[in-house]
Amino acid sequence: SAPTPQELLTIAVEVARDAAATAHRMRAEGVSVAATKSTATDVVTAADRAVERQVLGALRARRPGDAVLGEEYGAGKTGPAAEDGVRWIVDPIDGTVNYLYGLPYCAVSLAAEVGGEVVAGVVRNVVTGEEWTATAGGGAWRDGERLRCSTETDLGQALVATGFGYDAGRRAHQARVVAELIPHVRDIRRMGAAALDLCLAAEGRVDAYYEKGLAAWDLAAGGLVAREAGLLVTGLSGRPPGPDLVIAAPPALFEPLHTRLAALDASGGP
Ligand code: IPD
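As the structure is a computational prediction, the values presented were derived from the model and not from experiment.

Rules of the game
Residues numbered from 1 in each chain as written. Predicted model: local features only at pLDDT ≥ 70, side-chain atom pairs only at ≥ 80, totals over all residues. Heavy atoms only, no water. Near = heavy atom within 4 Å. Polar contact = N/O pair within 3.5 Å; in protein donor to acceptor, adjacent residues only side chain to side chain. Helix = DSSP H or I, 4+ residues; strand = E, 2+ residues; numbered from the N terminus. Nonpolar A, V, L, I, M, F, W, Y, C, P; charged D, E, K, R; others polar. Domains from an automatic or database assignment. Contact = heavy atoms within 4.5 Å. Buried area = accessible area lost by both parts, 1.4 Å probe. Salt bridge = Lys/Arg side-chain N within 4 Å of Asp/Glu carboxyl O. Patch = residues over 30% accessible without salt bridge, like charges linked within 9 Å, V, L, I, M, F, W, Y side chains within 5 Å. Areas by Shrake-Rupley, 256 points an atom, 1.4 Å probe, with all protein chains shown as cover. Pairing = 2+ DSSP bridges. Axes fitted to C-alpha atoms, helices over the stretch in contact; angles between N-to-C directions.

## Digging into the site of the ligand
Among the 16 residues in the neighbourhood of the ligand, the closest are listed as D94, G95, T96, Y166 and E211. I93 places a polar main-chain atom, nitrogen or oxygen, 3.3 Å from an oxygen atom of the ligand. One of the side-chain N or O atoms of R190 is found 3.0 Å from an oxygen atom in the ligand. Counting residues per element, the shell around the ligand draws most heavily on strand 4 (residues 86-94), which supplies 3 residues. Broken down by class, the residue content of the shell around the ligand amounts to 6 nonpolar, 4 polar and 6 charged. The residues that make up the shell around the ligand include at least three from each of domain 1 (5-146) and domain 2 (155-263).

## What about the domain arrangement of the chain?
Domain annotation for the chain reports domain 1 (5-146) and domain 2 (155-263). Look at where the C-alpha atoms of domain 1 and domain 2 centre, and you get two points 21 Å apart. Contacts between the two partners involve 38 residues from domain 1, matched on the other side by 23 residues from domain 2. For the pair domain 1 and domain 2, the summed buried surface comes to about 2300 Å²; carbon and sulfur atoms form 65% of the total. Contact with domain 2 buries surface across domain 1, with D94, Y105 and W132 losing the most and accounting together for 28% of the total. Where domain 1 packs against domain 2, one counts 2 salt bridges. A salt bridge links R205 to E130, with the nearest nitrogen and oxygen atoms 3.1 Å apart. Applying the counting criterion to the domain 1 and domain 2 interface returns 10 residue pairs in polar contact (both at pLDDT 80 or more).

## Focus: a nonpolar patch on the surface
Together, V97, Y101, L103 and Y166 make up an exposed nonpolar region whose accessible area comes to about 390 Å². Looking at the element boundaries, Y166 is found in the loop between strand 10 (159-162) and helix 4 (168-181).

## What to know about the sheet that holds strand 4
Taken in spatial order, the 7 strands of this open sheet run 3-4-5-6-7-8-9, and their pairing is mixed. Because the sheet does not close on itself, it has two edges, and the strands there are strand 3 (67-70) and strand 9 (145-146). Pairing geometry for strand 5 (residues 107-114) and strand 6 (residues 117-125), over 8 bridges, is antiparallel. In the sheet register, A107 faces strand 6, and the bridge partner there is N125. Set on the sheet, helix 1 (residues 5-29) makes contact with strand 4, strand 5, strand 6 and strand 7 (131-135); between it and strand 6 the angle comes to about 30 degrees. With respect to the sheet, helix 6 (residues 216-228) is in contact with strand 3, strand 4, strand 5, strand 6, strand 7 and strand 8 (139-142), its orientation differing from that of strand 6 by roughly 100 degrees.

In C-alpha cells, the structure reads:
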C-alpha cells in the first residue's frame, strides 16, 4: 500500500539531516565553484553534487522503486514516478551563493510527491540546524513547534521577501518590479534561499514572499510548509505556483499583493 505522508516525512527528515551534516562538513573544509550552469553567477559547488549524490543513494537504499527529481542531476538516474507512485524532489543546497560565501542562510530541501501532489517536506538550514517540516493536512512545524503565518492585514506594514534569478535580463525586470513595489510595503528582503524564505513566511518572520523563476526543487518542500501554516501559495490569476510566479501570502495580504504584482507584470519579462 502507498506510504503515508508521515512515513515519507520520517524518511525525508533522516535523509535531510545526514545531507545537511555533509554540506556543513564540506563547508568547513573549504568550498569553491565546481562549475557554472545557466550563467556565470549560477554556480554549483562540489558540495551541491556530493550532497545530491548522497541523498539519491540514501533514498534508493530506503525506497528503491521511487522516482527522484534533483537540481544537479535532474531526473536522469531514475524512471518517472508511476501514476500513484512516490517522487522525491531534492535541492541539495538551496542558497548556493550564500553557501559559497559562508552566509548562514542555505538549506537542504527534500519533498515527497504522491500522484503529483507534494505530501511531505523538510527544509533544514545547513548552518543553524533549524528544521521545518510539513505533511499535507498535518500542519507545518519548526523543531517541534506548530507554525502559523503572519496575521498582518496591511500591505503597507508587510515585510516581503523575494529573490532574483541568474539571467541578467530577468534580473533587470525583477529589479524594476521591486523598485515599484517597495514604496507600498514595509520593506523588502532578499536573503538568498527560496526554500528558507517560504519557511520564514510560514512562521511570520516575514509576512509574505514572491518570486519569478522558481524551479520545482526550490518550491516543493517550502511551499508545503507555507501552505500548511496558512499562507496561500499560488501563481498569478488563480494559476498554480510555478516558474512564472510564486506568491505566498497570508489570506488578508494575498489580494493586495497579487493586485500589485499583476499590475507590475511580475510574471513577465525574460
Ligand atoms: C536559488 C535561491 C535564490 C532564488 C533563486 C534560486 P539555488 O536557488 O533559492 O534565493 O532567488 O531563484 O535559484 O541556486 O541557490 O539552489
